[in-house]
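Single-letter residue listing:
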Amino acid sequence: MANPGNDPLDGTVALVTGASSGIGEQTAATLAELGADVVVAARRTDRLDALVERITGKGGRALAVAADVTDEAQAVAAVTQAVERFGRLDTVVANAGVMLLGQIEDADTTEWRRMIELNLLGAMYTAHAALPHLLTAAETGPRQVADLVVTSSVAGRQVRLGSGVYNASKHGIGAFAEALRMEVTQRQVRVSLIEPGAVETELASHNRPEVQERMKQRFAGMERLQADDIARTIAFVVTSPRHMAVNEVLIRPTRQQ
Ligand SMILES: NC(=O)c1ccc[n+]([C@@H]2O[C@H](COP(=O)([O-])OP(=O)(O)OC[C@H]3O[C@@H](n4cnc5c(N)ncnc54)[C@H](OP(=O)(O)O)[C@@H]3O)[C@@H](O)[C@H]2O)c1
């Protein structure tokens, strides 16, 4: 919190999933800088604890919640803990995701389940559990608006060879987000889809070595986006005036074709 009492998200509470690294971690720190109390959720609690320290060290308030959001009960518990600790929920960033690339023929379908269960179902469970609280915040909160931000991907817009199931998961969450947007927008809950291109995070590191090698070659010499670029985009979305809903942002490194 840079300017206590006068920051744009003062008096609001945010929940960020996938906050132990990359885009989620930086987004949580940025929302805290803007005055929000922040609940950070993921599985690696040591990383979450370090983030909470980083936020509280700057005068903010934060809570770490261990949650595997592919388990609906844990997604619900993360939302419940946020509301129990800070009393409300104004902003949710459903960001946890995994990208496991490869051809469909001869695929290890365990990888498919990991992506669908996290990128699609995990984000849907989070949104569903948070929705009643977001509706209440929009109705009674200081800003008279609430936000669900979903981290999709350029892969949610553009299909690539070797990215079929990641594409399916991100196209799927895009469809869900648009349906939800239509359902709740007249009650002042904004649903926004963020669609990054290549961002320098841990995301690629979960792939098989040969896939990592192909990605390294594809992005060689390209200056990738930083997590902070996406965090600043999300900050813009959630601090926009209440009459303005940024529905979708596609953001690529300048040199990504
Ligand atoms: N980096 C890119 O180029 C890029 C581009 C477009 C879209 N995206 C999207 O951006 C989002 C964030 O990814 P990132 O790039 O920041 O990668 P990252 O650094 O790998 O972050 C992924 C986050 O998801 C969490 N996560 C993984 N499995 C989880 C589970 N079962 N339950 C709860 N949290 C879980 C991880 O934490 P734990 O392991 O501690 O649980 C981590 O905090 C993803 O949805 C990704 O698809 C990234």
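The structure we're discussing is the one just above.
### Some points on the overall build of the chain
Point 1. Within the chain one finds seven helices and seven strands.
Point 2. Across the chain, helices and strands are ordered from the amino to the carboxyl terminus as β-α-β-α-β-α-β-α-β-α-β-α-α-β.
Point 3. The C-alpha radius of gyration computed for the chain amounts to 17 Å, which stays within 12% of the reference 18 Å derived for 257 residues, consistent with globular compactness.
Point 4. Counting all 257 residues of the chain, 52% fall into the buried class.
Point 5. Considering only contacts within the chain whose residues lie at least 6 apart along the sequence, 73% involve residues at least 24 apart.
Point 6. Per element, the accessible surface of the chain, about 12,000 Å² overall, is 49% carbon and sulfur.
Point 7. The positive charge centre, built from 26 side chains, and the negative charge centre, built from 31, are 4 Å apart in the chain.

### Let's talk about the packing of helix H3 (residues 72–86) against helix H4 (residues 109–140)
Point 1. Contact geometry of H3 with H4 gives a least axis separation of 8 Å together with a crossing angle of 30°. Here H3 is positioned roughly parallel relative to H4, judged by the angle of their axes. In this structure, the crossing between H3 and H4 has a hand that is right-handed. Together, Glu-72, Ala-75, Val-76, Val-79 and Val-83 of H3 and Tyr-125, Thr-126, His-128, Ala-129, Ala-130 and His-133 of H4 make up the contact between the two elements.
Point 2. Looking at side-chain class alone, the contact of H3 with H4 contains seven nonpolar, three polar and one charged residues.

### A short note on the site of the ligand
Point 1. Taken together, 30 residues sit near the ligand, with Ser-20, Arg-43, Tyr-166, Val-199 and Thr-201 positioned nearest.
Point 2. Side-chain polar atom of Arg-44 to an oxygen atom of the ligand: 2.8 Å apart, as the coordinates give it.
Point 3. Here an oxygen atom of the ligand sits 2.7 Å away from a polar atom, N or O, in the side chain of Tyr-166.
Point 4. Within the complex, the protein chains bury 94% of what would otherwise be the 870 Å² of accessible surface of the ligand.
Point 5. Of all the secondary structure elements, the ones that give two or more residues to the shell around the ligand are helix H1 (22–33) and helix H5 (164–184).
Point 6. In terms of residue class, the shell around the ligand is made up of 12 nonpolar, 13 polar and five charged.

### A closer look at the side chain of Thr-17
Point 1. Looking at where Thr-17 falls in the secondary structure, it is placed in strand E1 (residues 13–17).
Point 2. A distance of 2.9 Å separates the side chain of Thr-17 from the backbone nitrogen of Asn-95, its partner in a polar contact.
Point 3. A polar atom in the side chain of Thr-17 sits 3.1 Å from the backbone nitrogen of Ala-96.

### Examining the nonpolar core
Point 1. The biggest cluster of nonpolar side chains holds 49 residues, and the ones touching the most others in it are Leu-89 and Leu-148.
Point 2. It is H4 that contributes the most residues to this core, 13 residues altogether.
Point 3. For Leu-148, the contacting residues outside a window of four places in its chain are Val-92, Ala-94, Ala-127, Leu-134, Leu-180, Arg-190, Val-191 and Ser-192.
Point 4. Counting residues in each nonpolar core, the second largest holds 30 residues, with Ala-14, Leu-48, Leu-51 and Val-237 among its members.

### Details of the pattern of salt bridges
Point 1. Counted by the stated rule, this structure contains 15 salt bridges.
Point 2. Arg-54 is the partner of Glu-25 in a salt bridge, and the nearest nitrogen-oxygen pair spans 3.5 Å. One end of the pair, Glu-25, is in helix H1; the other, Arg-54, is in helix H2 (residues 45–57), and 29 residues separate them in sequence.
Point 3. Judged by relative accessible area, Glu-25 falls into the partly exposed class, the value being 22%.
Point 4. Among the residues examined, Arg-54 registers a relative accessible area of 32% and is labelled partly exposed.
Point 5. Ionic pairing is found between Arg-181 and Glu-178, a salt bridge with its closest N-O pair at 2.8 Å.

### Notes on unusual backbone geometry
Point 1. If you check the backbone angles, Gln-144 has positive phi at about 55° while not being a glycine.
Point 2. Here Gln-144 falls in the partly exposed class, since its relative accessible area comes to 33%.
Point 3. Residue Gln-188 is not a glycine yet carries a positive backbone phi of 70°.
Point 4. If you trace the backbone, Gln-188 turns up in the loop between H5 and strand E6 (189–196).
Point 5. Exposure remark for Gln-188: the relative accessible area of 24% places this residue in the partly exposed category.

### Structural notes on the pairing of strand E7 (residues 248–251)
Point 1. Along E7, the buried face is formed by Val-249 and Ile-251; none of Glu-248 and Leu-250, which line the opposite face, is buried.
Point 2. Bridge analysis of E6 against E7 gives four bridges, and the strand direction is parallel. By the bridge assignment, Pro-196 is partnered in E7 with Ile-251.

Criteria and cut-off values
- Residues numbered from 1 in each chain as written.
- Predicted model: local features only at pLDDT ≥ 70, side-chain atom pairs only at ≥ 80, totals over all residues.
- Heavy atoms only, no water.
- Helix = DSSP H or I, 4+ residues; strand = E, 2+ residues; numbered from the N terminus.
- Rg over C-alpha atoms; globule rule 2.2 N^0.38 Å.
- Buried < 20%, exposed > 50% of the residue type's maximum accessible area, 1.4 Å probe, protein only.
- Contact = heavy atoms within 4.5 Å.
- Areas by Shrake-Rupley, 256 points an atom, 1.4 Å probe, with all protein chains shown as cover.
- Lys, Arg positive; Asp, Glu negative; His and termini not counted.
- Charge placed at Lys NZ, Arg CZ, Asp CG, Glu CD.
- Axes fitted to C-alpha atoms, helices over the stretch in contact; angles between N-to-C directions.
- Parallel < 35°, antiparallel > 145°, perpendicular 65-115°, else oblique.
- Left-handed = near helix turned anticlockwise from the far one by under 90°.
- Nonpolar A, V, L, I, M, F, W, Y, C, P; charged D, E, K, R; others polar.
- Near = heavy atom within 4 Å.
- Polar contact = N/O pair within 3.5 Å; in protein donor to acceptor, adjacent residues only side chain to side chain.
- Core = buried A, V, L, I, M, F, W, Y, C linked by side-chain atoms within 4.5 Å.
- Salt bridge = Lys/Arg side-chain N within 4 Å of Asp/Glu carboxyl O.
- Pairing = 2+ DSSP bridges.

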